[in-house]
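Here are the chains, one letter per residue:
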Amino acid sequence: MISNDMKNIILHLGVHKTATTYFQSRLCNSIPELAEAGVGYLELNETRKYITSKIFGAFKVEGALEKILNDNEKILISDENIIGGTEKISSELIYPDTVSRLDFLINNIPAAVSEVHITIREPEDYLVSRYCEYLRHYRFMSVTEYFDSFNLTEFSWLPLIRAIEAIVGKRVTVTCFESIFDDENIYLQQLCGVKVDFKEAANNSSIRRSKITHESYRVLECLADHYPRHMTKKLMNLMDNNKQRSQKTPLKPFSSNLSSKLKENYRKDILELGIV
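Undergrad: Requested: an account of the overall build of the chain, with residues and values cited.
TA: Summing up its helical and strand segments, the chain has 12 helices and 5 strands in all. Expressed along its principal axes, the backbone C-alpha trace of the chain runs to roughly 55 × 40 × 40 Å. Split into buried and exposed, the 276 residues of the chain put 48% on the buried side. When contacts within the chain are restricted to residue pairs at least 6 apart in sequence, those whose partners lie at least 24 apart make up 83%. If the 35 positive side-chain charges of the chain are averaged to one point and the 37 negative ones to another, these points end up 5 Å apart.

What follows is the structure in structure tokens.
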């Protein structure tokens with residue numbers, strides 16, 4: 001039996017496409033250094049095995065989760081999927097099940113959430129990157145279909161952040177993706193609350209997946225027009241692991257007016273959040 005006395009959890013909730021996989025790799029490679037500084041880090045695969053995949057299911061404190069809770073007073077848990085995946089956007093929360101998923105986690109894990117961190121990104125870049133990530137995991141859906149249930153002109157990070165703050169009962173630490181690489185170590189120190197020698201990330205294609213090009217999108221679209229749409233996931237994997245031979249054109253599905261509106265919304269969010 002684990003008592004939550006003195007057990008504190010730092011939650012890092014993403015969001016998707018804000019270099020989470022990259023920083024999770026750096027954290028994983030720095031587990032010994034973090035442990036020596038008094039912070040336990042639950043590696044991503046273990047987090048998804050014992051926490052994320054169990055939300056709304058048979059949640060049980062066991063295995064690596066039980067060990068890290070027993071061995072540490074402060075634990076960092078980082079997984080953008082805790083608040084949801086990259087499915088079609090249908091709510092101003094961006095992740096519509098955020099409240100219920102966090103409520104389940106808070107009520108089932110024997111520790112107190114002491115800090116919550118989230119990274120936000122300029123909306124157009126985020127939305128296009130999120131759509132590309134969707135294509136890697138789900139059956140093909142055109143970019144128009146993907147966004148047709150959400151009013152993009154009203155996009156704001158504030159509803160999501162305020163919802164998280166309401167459920168955890170404390171202010172969320174918000175970082176802008178655009179400044180995160182100015183000094184990676186300072187960002188990691190802020191996230192973990194300790195200063196250690198953070199190790200480099202692993203060097204593989206899954207760590208820094210980029211947006212697909214317009215040409216890649218047309219290839220996927222063509223396949224989906226003539227074959228079952230689930231087949232595009234395999235083609236995405238092939239394109240991720242091979243260089244495009246032709247000239248690359250960025251995938252830019254939004255009009256210039258919408259792009260400008262999204263930039264203005266982001267500026268307003270940053271101002272409201274008091275981010276310098």
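Undergrad: Any details on the pairing of strand 4 (residues 112-120)? Residues and values, ideally.
TA: Bridging between strand 1 (residues 8-12) and strand 4 involves 5 bridges; their strand directions are parallel. In the sheet register, I9 faces strand 4, and the bridge partner there is V113. Direction of pairing for strand 4 relative to strand 5 (residues 173-176): parallel, over a ladder of 4 bridges. Counterpart to H117 in the pairing with strand 5 is T173.

Undergrad: Account for the side chain of T175, with residues named and values stated.
TA: Among the structural elements, T175 can be located in strand 5. Not counting the four nearest positions on each side in its chain, T175 is found in contact with I118, T119, I120, I180, Y187 and Q190.

Undergrad: Please provide a residue-by-residue account of the pattern of salt bridges, values included.
TA: Applying the stated rule across the entire model yields 19 salt bridges. The partner of E124 in a salt bridge is K263, with the nearest N and O atoms 3.8 Å apart. With E124 in helix 6 (residues 123-137) and K263 in helix 12 (residues 256-273), the pair connects residues that are 139 residues apart, well separated along the chain. You can call E124 buried: its relative accessible area is 7%. Of the residues examined, K263 reaches a relative accessible area of 33% and is grouped as partly exposed. Close ionic contact of E165 with R162 constitutes a salt bridge, the shortest N to O distance being 3.1 Å. Of this pair, E165 and R162 are both found in helix 8 (residues 158-168), 3 residues apart, which corresponds to roughly one turn of the helix. Connected through shared salt-bridge partners, K17, E133, R136 and D240 make up one network.

Undergrad: I'd like a description of the state of the cysteines, backed by residues and values.
TA: Evaluated as defined, the whole model comprises 0 disulfides. Unpaired in terms of disulfides, C176 finds its nearest cysteine sulfur in C192, a separation of 19 Å. Classification of C176 by relative accessible area gives buried; the value is 9%.

Undergrad: Can you tell me about helix 6, naming the residues and giving the values?
TA: With 15 residues, helix 6 should cover 21 Å at 1.5 Å per step; its first-to-last C-alpha distance of 21 Å lies within 8% of that length. Burial of helix 6 is extensive: 13 of the 15 residues sit out of reach of the surface.

Undergrad: Give me the environment of L76: which residues, what numbers.
TA: Tracing the chain through its elements places L76 in strand 3 (residues 74-78). Sequence separation of L76 and L42 is 34 residues, and the distance between their C-alpha atoms is 6.7 Å. For L76, the residues in contact, after removing those within four places along its chain, are I10, H12, L27, V39, G40, Y41, L42, L191 and C192.

Undergrad: Give me unusual backbone geometry: which residues, what numbers.
TA: Note the cis peptide between G14 and V15, where omega equals 10°. Within the secondary structure, V15 is located in the loop between strand 1 and helix 1 (20-29). In the Ramachandran plot, A19 falls in the positive-phi region, its phi being about 65° despite a non-glycine side chain. Turning to its location among the elements, A19 is positioned in the loop between strand 1 and helix 1. What makes A19 buried here is its relative accessible area of 17%.

Undergrad: Pulling in residues and values, what's your account of the packing of helix 1 against helix 9 (residues 184-192)?
TA: At their nearest, the axes of helix 1 and helix 9 sit 12 Å apart, and the two run at 75° to each other. It follows from the interaxial angle that helix 1 and helix 9 lie roughly perpendicular. The segment helix 1 lies against helix 9, with Y22, F23, R26 and L27 engaging E184, N185, Y187, L188, L191 and C192. Split by residue class, the contact of helix 1 with helix 9 holds 7 nonpolar, 1 polar and 2 charged.

Undergrad: Describe the sheet that holds strand 4, naming the residues involved and giving the relevant values.
TA: Taken in spatial order, the 5 strands make up an open sheet running 2-3-1-4-5, and their pairing is parallel. Both edges of this open sheet fall to strand 2 (39-41) and strand 5, since each of them pairs with a single strand only. For this sheet, the mean angle separating the axes of adjacent strands, direction not counted, is 20°. Contacts from helix 8 reach strand 4 and strand 5, with the element oriented near 175° to strand 4.

Parameters and conventions
Residues numbered from 1 in each chain as written. Predicted model: local features only at pLDDT ≥ 70, side-chain atom pairs only at ≥ 80, totals over all residues. Heavy atoms only, no water. Helix = DSSP H or I, 4+ residues; strand = E, 2+ residues; numbered from the N terminus. Buried < 20%, exposed > 50% of the residue type's maximum accessible area, 1.4 Å probe, protein only. Contact = heavy atoms within 4.5 Å. Lys, Arg positive; Asp, Glu negative; His and termini not counted. Charge placed at Lys NZ, Arg CZ, Asp CG, Glu CD. Pairing = 2+ DSSP bridges. Salt bridge = Lys/Arg side-chain N within 4 Å of Asp/Glu carboxyl O. Disulfide = S-S within 2.5 Å. Expected span 1.5 Å × (residues − 1). Axes fitted to C-alpha atoms, helices over the stretch in contact; angles between N-to-C directions. Parallel < 35°, antiparallel > 145°, perpendicular 65-115°, else oblique. Nonpolar A, V, L, I, M, F, W, Y, C, P; charged D, E, K, R; others polar.

Read these as layout, nothing more, since geometry by itself doesn't imply function.
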